[in-house]
Amino acid sequence: MGDCVFCKIVEGGIPSEILYSDDRVIAFRDIEPQAPVHFLVVPRRHVESAFHLREGDGELLARMFDAAQKVCAELGVERSGVRILTNVGPDAGQVVMHFHLHVLGGRTMGWPPG
Ligand code: AMP
Ligand code: ZN
């Protein structure tokens, strides 16, 4: 979709460290990691944010969480635990307007988040 950086990663136009890929979903390392493990899970289809999901996207969401779990197992953080979050809109700091899950792990996480 136009200038969307994550669409470009999906299409292979921008290099990234891909950790998982299937026909609906890809996962790749965040370029500015905020934890020892920090990767993003992204639908191949351009969806602006979690608030732009449609009825019928339930399977897509399940596939995204399944991909997250697979990558966590490969990276050795499935049992130690991770934080999975999605930013929606300006107050949350969403800067890439293509829906994505952040998966953070490899350290303890504070709560509440800053
Ligand atoms: P958000 O603030 O939720 O929109 O998060 C966007 C995330 O995408 C940030 O954590 C960025 O570091 C990350 N990011 C931006 N461009 C890239 C890229 N080319 N490859 C990997 N991660 C990226
Ligand atoms: Zn996009």
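Source: prediction; values computed, not measured. Position labels on residues start from 1 in each chain and follow its written sequence. Whichever chain is written first is A, and whichever ligand is written first is 1; the rest continue in order. The predicted origin of the model limits local features to residues at a pLDDT of at least 70 and limits the giving and counting of side-chain atom pairs to 80 or more, whereas totals for whole chains, interfaces and linings rest on all residues. Side-chain measures here rest on the full set of heavy atoms in the structure, leaving out hydrogens and waters.

### Comments concerning the sheet that holds strand E2 (residues 25-29)
Thought 1: Strands sit in the order E1-E2-E3-E5-E4 across an open sheet of 5 strands; the sheet is antiparallel. Of all strands in the sheet, those with a lone pairing partner are strand E1 (18-21) and strand E4 (82-85), marking the two edges. The average undirected angle you get between the axes of adjacent strands in this sheet is 15°.
Thought 2: Two strands qualify as a pair provided DSSP detects at least 2 bridges between them. Elements are defined by DSSP. Helices are runs of H or I of four residues or more, strands are runs of E of two residues or more, and each kind is numbered from the N terminus. In this structure, E2 lies alongside strand E3 (residues 37-43), joined through 5 bridges in antiparallel fashion. Within E3, the residue paired with Ile26 across the bridge is Val42.
Thought 3: Between two residues, a contact is recorded if the distance between any of their heavy atoms is within 4.5 Å. Each axis is a line fitted through C-alpha atoms, taken for helices only over the stretch in contact, and angles between the N-to-C directions span 0 to 180 degrees. In this fold helix H2 (residues 58-75) packs onto E1, E2, E3, E4 and strand E5 (101-105), with an angle of close to 155° to the strand it touches most, E3.

### Re unusual backbone geometry
Thought 1: Put simply, Trp111 and Pro112 share a cis peptide bond, and its omega is 5°.
Thought 2: Along the chain, Pro112 falls in the segment after E5.

### Notes on the pattern of salt bridges
Pairing of side chains with opposite charge becomes possible as their charged atoms draw close.
Thought 1: Between Lys or Arg on one side and Asp or Glu on the other, a salt bridge is scored when a side-chain nitrogen of the former is within 4 Å of a carboxyl oxygen of the latter. What the rule picks out here adds up to 7 salt bridges.
Thought 2: In this structure, Glu17 engages Arg29 in a salt bridge whose closest nitrogen and oxygen atoms are separated by 3.1 Å. Of this pair, Glu17 sits in the loop between helix H1 (5-11) and E1 while Arg29 is found in strand E2, placing the two residues 12 residues apart along the sequence.
Thought 3: Buried means the residue's accessible area, taken with a 1.4 Å probe over protein chains only, is under 20% of the maximum for its type, while exposed means over 50%, and partly exposed covers the values in between. Owing to a relative accessible area of 43%, Glu17 belongs among the partly exposed residues under this scheme.
Thought 4: According to the relative accessible area criterion, Arg29 is partly exposed, its value standing at 29%.

### Comments concerning the nonpolar core
Thought 1: Here, the term nonpolar core denotes a set of buried Ala, Val, Leu, Ile, Met, Phe, Trp, Tyr and Cys residues that are joined through side-chain atoms within 4.5 Å. By size, the foremost hydrophobic cluster in this structure holds 18 residues, and its most contacted members are Val25, Phe39, Val41 and Met64.
Thought 2: Mapped onto this core, the elements with two or more residues apiece are E1, E2, E3, H2 and E5.
Thought 3: With 6 residues, H2 is the single largest residue contributor to this core.
Thought 4: Each residue touching Val25, except ones within four places of it in the same chain, is listed here: Tyr20, Val41, Val42, Pro43, Arg44, Leu60, Arg63, Met64 and Ala67.

So, to be careful, I would describe these as geometric facts and stop short of saying anything about function.
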